[in-house]
Structure formats: C-alpha cells, structure tokens
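# Residue-level structural notes
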Amino acid sequence: MYWNRTMETLPPDELEVLQKKRLKWTIKQAENVPFYQKRLSEAGISADNFTLEDMARIPFTTKKELREGYPFGFFAVPMRKVVRIHTTSGTTGKPTVVGYTQKDIENWAELIARDLTMIGLGEDDVFQNALGYGLFTGGLGFHYGAELIGMTVLPSATGNTRRQIEMIEDFGVTAINSTPSYAMHLAEVAEDMGAGLETLRVGIFGAEPWSDNMRRELESRLGITAYDSYGMSEMYGPGASFECRERSGLHFWHDAYYLEIIDPETGEGLGPGERGELVVTPLIKEAMPLLRFRTGDITMLLEDGCPCGRGQKISRILGRSDDMLVIRGVNVFPSQIEHVLLALPEVGEQFMVYIDRVKHLDEMTIDVELHREYFSGELKDLAKVQKKVSDILRETLGLRTRVNLVEPGTLPRFEGKAKRVVDRRTGVW
Ligand code: DLL
C-alpha cells in the first residue's frame, strides 16, 4: 500500500533529476540565511550554477553551529511565515529551535502518512499516540499524518500508564506509537493489570536506539508487529525514515532528504555497507533549510532492491556518536548492552550503566533487574547468574563489566527517551 506511489517508487534516473532540482532550490532557500550565504559564497557555490559535484565542497553543518544560531538564526523566511516552532530538549545548553511554514507542516504530515500507509494502517485503525505532545516533535508530528490518512487518533501523550492501558482495551486501539522504553513499561503494567490488549496489532517505536532483541520482546509481550521509526527535529521530526513490512532496514524518503554517510573522524564519504555518521540535506524544507547536516547518528546505507519497491534504505541506528562509550579503549553503544541482556532469560529488560574511573582505569558497572520468574524474594545464590551475565557481556563487548543483579521493578522506567548511562568519570551526567 502506498500513499504517494509515484514519489515512493521513483526510478533512479528520475530521482537524480528531482534531487538535483530540489538541492538547487534548497541552496537558494539557504541563501536567505546569513550563515549559509557567507559559507556558500566562500566556497564559490551558488544555486544558479550548482552541479552535484559541488555538493562535496559545501562544508558540513554541525549541531553546535545550529545552537549558536539560537533562537532564529537559521530561519530562511520572515517570522510571519513561520506557523510553528519546536525545540530539542536542550539537556546540554541551549535547545535547538526548529521552525515550520504552513507548507512544511503539510510536507511533514505527508511523510508520516506515507510511513503509516506503508505498514498497512488506515481509516479502520485506532491510533494511540503515546509520545510527548509539546515542544518535542514526536506527538504533534505523528498526529497530523495519522489524521491525514483518516485514522482515529487518541492523543494520549505519555504518562498515566494504567489509563493508557484501559484506553487500549476500551477504545479498541489497533496501533500504538511510543518510545521502545515506554512500550516496555506499558507491557509490564498491562501484565500486572492482567490486560490482554486483544485489539492491538501494530507498535511503532522510535526516538531512541533499540535492538532486535527488544523488538522480539515487545512483539511477544504486547502481541504486535513492531516497526522502527526514525527522525530528528532538524528533519521536521519523526517520519523521515521508517521500516516497511519487510522490516530489514528503514526507507528514507529520497525525494525529501539527500543522504551521505561519512567517516566521523575524517569526513570521507562511505559507500553502502560501510558504517558511519549520517549526513542529511533536507530537500523540501522552507522555513529552515540545512546543508549537509551532521546528525551524529551511526548507521549505514543498504543496497537498493527492497521487495516493496521503495528506494533508499538505511540500517537500524546503532546510536549517536556522542552516546558511544569508550571504556578502556573499547567502543560500546548502550543498544549493544540491551541486545545482550534481552537474550538472557534470567534477567529483565531494565538496566542502568555506570561508568567510573577507579585508579585511572575505566570501570563499567551494569545494574540489571532479575527476571520476575527467577526472583524468589531473596537475592541469594545468584552468583551463578551474575557470572553468566558478565561472561556473556565480556564475550560480546570485549570488555569486563561488573554486574549487579537487582530486584524486579526497582530501576527507573522512562516515559520519553530513556537515559540509561551515568558517566561519573567527568562528574557530568
Ligand atoms: O526523536 C524525533 C522522533 C520522534 C523520531 C518520535 C521517532 C519517533 P529529536 O528529539 O530531535 O527527534 O531526537 C533525534 O533521536 O538524532 C537519534 O539519535 C535518536 N533517534 C530517533 N529515532 C531513532 C530510532 C526525535 N528509531 C535523535 N533509533 C536522533 C535510534 C533514534 N535512534
């Protein structure tokens, strides 16, 4: 099922022509932003004589530069044309501000409409949108696209978990949208309440990294098929990239985003199958065009040829380059730890990672909840489980870790994006 079949399945030669035309338009739009005007003129690039080869000469745009433009320094249209503003959470300093024209809001809704149609959702579905509504792009972003395709939308947002579960049952919810960590919390509470969630069949999860083992766990506990959904505020929000029913990588809407993967250290371009940092140039953004934006997200381009007929795919996001932990010289992403823990029946899915520096050496400690079925009320005789967990972590991550088993239900649960790592080496977390 397609929402916009022509655009979703554009043949490569037509796509190249369209992308080039839209890149030119985006450069023209960016020339309204003093930051880009200066950059482009220094690089000797203008919209009028732009060729695809010029692309590599445009310097990357970084998150830091966006922040320096706070609040509206990257807007390319007068404020009276901006109909909405969202921001990132800004946990490290000023937030990034993103603006939208009316046309941007429509474009964004169309991309979401494509995503939801692609996985077989439509007018007959009841959609519980359990993402934050407000300055975060997740809630409102999905809301407009889901309404566009005629779904019945419940803007439940996050929190009040027991009420969310009652709503699923009472309103016959068929599809739920949340962060994977909140979905796991919902599953736990539903089990406690003895709720069967009979009508639920689809789960859409994104806004943070999650693993294939987490997918299996969510699917079996919620009785759903789970899909990965990726995006970021600078690309409108969610909707930019989404799994189709094959669930072997995420399609990236190729008429709306021009993609590159680079080596994060050298900036060199990488080809399909080579893992690196995603760099995005949106092709249709009016209020806030960006050129070669470094997302910080680690992924790779996949070879074309999805049986669904759509183009360009990326692999699941491993994490952000700044989430990558370097422990005694070994690189570890929290999503890898999650993947390992979820494969072990003795432990649950909730964990916290603490990094300390002890006598000049990095130490990683993982607190993990024991699985309810293995918890007899006392935490004794558990040395064997503890050893098993740390042995498997050592084998898979190549790193010795300290493992603490804790009682089920005692570690923090998250409604939005999970924060599972506390790095105490720098004193900042
Ligand atoms: O998280 C937009 C979004 C909302 C996407 C709802 C999906 C669902 P930001 O708050 O700007 O926007 O955060 C963007 O979140 O750069 C990634 O690091 C991370 N992220 C988003 N989706 C995924 C995913 C929204 N599916 C940042 N897998 C991105 C892994 C993800 N990481």
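For the structure, see preceding data.
What comes next is a walk through the structure. (Residues numbered from 1 in each chain as written. Predicted model: local features only at pLDDT ≥ 70, side-chain atom pairs only at ≥ 80, totals over all residues. Heavy atoms only, no water.)

## Considerations on the nonpolar core
What counts, and what does not: Only buried Ala, Val, Leu, Ile, Met, Phe, Trp, Tyr and Cys residues count toward a nonpolar core, and they belong to the same one when joined by side-chain atoms within 4.5 Å. Residue burial is assigned from relative accessible area. The probe radius is 1.4 Å, only protein chains are included, and a residue is buried under 20% of its type maximum, exposed over 50%, and partly exposed in between. Each helix is a run of DSSP H or I of at least 4 residues and each strand a run of E of at least 2, with the numbering of both proceeding from the N terminus.
With 70 residues, the main nonpolar core has Leu116, Phe127, Ile204, Tyr230, Met235, Phe252 and Tyr257 as its most contacted residues. Ranked by the residues each element gives to this core, the list is headed by helix H5 (residues 102-118), at 7 residues.

## Topic: the site of the ligand
How we decide: Note on definitions. A residue lies near a molecule or strand when any single heavy atom of the residue is within 4 Å of it. Two N or O atoms count as a polar contact when they lie within 3.5 Å, although within protein this holds only if one can serve as hydrogen donor and the other as acceptor, and sequence-adjacent residues are included solely when both atoms are side-chain atoms. Each accessible area is a Shrake-Rupley result for a 1.4 Å probe, and residues are judged covered by the shown protein chains and nothing else.
As a structural note, the neighbourhood of the ligand is formed by 20 residues, with Asp228, Ser229, Ser233, Asp297 and Lys417 the closest of them. The backbone of Pro209 places a nitrogen or oxygen atom 3.4 Å from a nitrogen atom of the ligand. Take Asp228: an N or O atom from its side chain is 2.8 Å from a nitrogen atom of the ligand. Protein contacts shield 94% of the accessible area of the ligand, which totals 610 Å² for the unbound molecule.

## A word on the pairing of strand S5 (residues 175-178)
What counts here: Pairing between strands is defined by DSSP: at least two bridges between them are needed. The handedness of a crossover follows from its direction of travel: if, with the strands pointing away from the viewer, the path from the first strand over the helix to the second runs clockwise, the crossover is right-handed.
Side-chain alternation along S5 places Ala175 and Asn177 on one buried face and Ile176 and Ser178 on a second face that is also buried. As paired strands, strand S3 (residues 126-129) and S5 are joined by 3 bridges and run parallel to one another. Across the sheet, the residue bridging to Gln128 is Ile176, located in S5. Relative to strand S6 (residues 202-206), S5 runs parallel, the two being bridged by 4 bridges. Within S6, the residue paired with Ala175 across the bridge is Val202. Assessed by its sense of winding, the connection that carries the chain from S5 through helix H8 (residues 180-193) to S6 is right-handed.

## Description of the sheet that holds strand S21 (residues 402-406)
What counts is decided by this rule: Whenever a helix is involved, its axis is fitted only over the stretch in contact; in every case the axis is a line through C-alpha atoms, and angles between N-to-C directions fall within 0 to 180 degrees.
Pairing is mixed in the open sheet, where 4 strands are placed in the order S21-S20-S19-S22. Of all strands in the sheet, those bounded by a partner on one side alone are S21 and strand S22 (421-423). Sheet twist, expressed as the average angle between the axes of neighbouring strands with direction ignored, equals 15 degrees. Pairing geometry for strand S19 (residues 347-358) and strand S20 (residues 361-370), over 9 bridges, is antiparallel.

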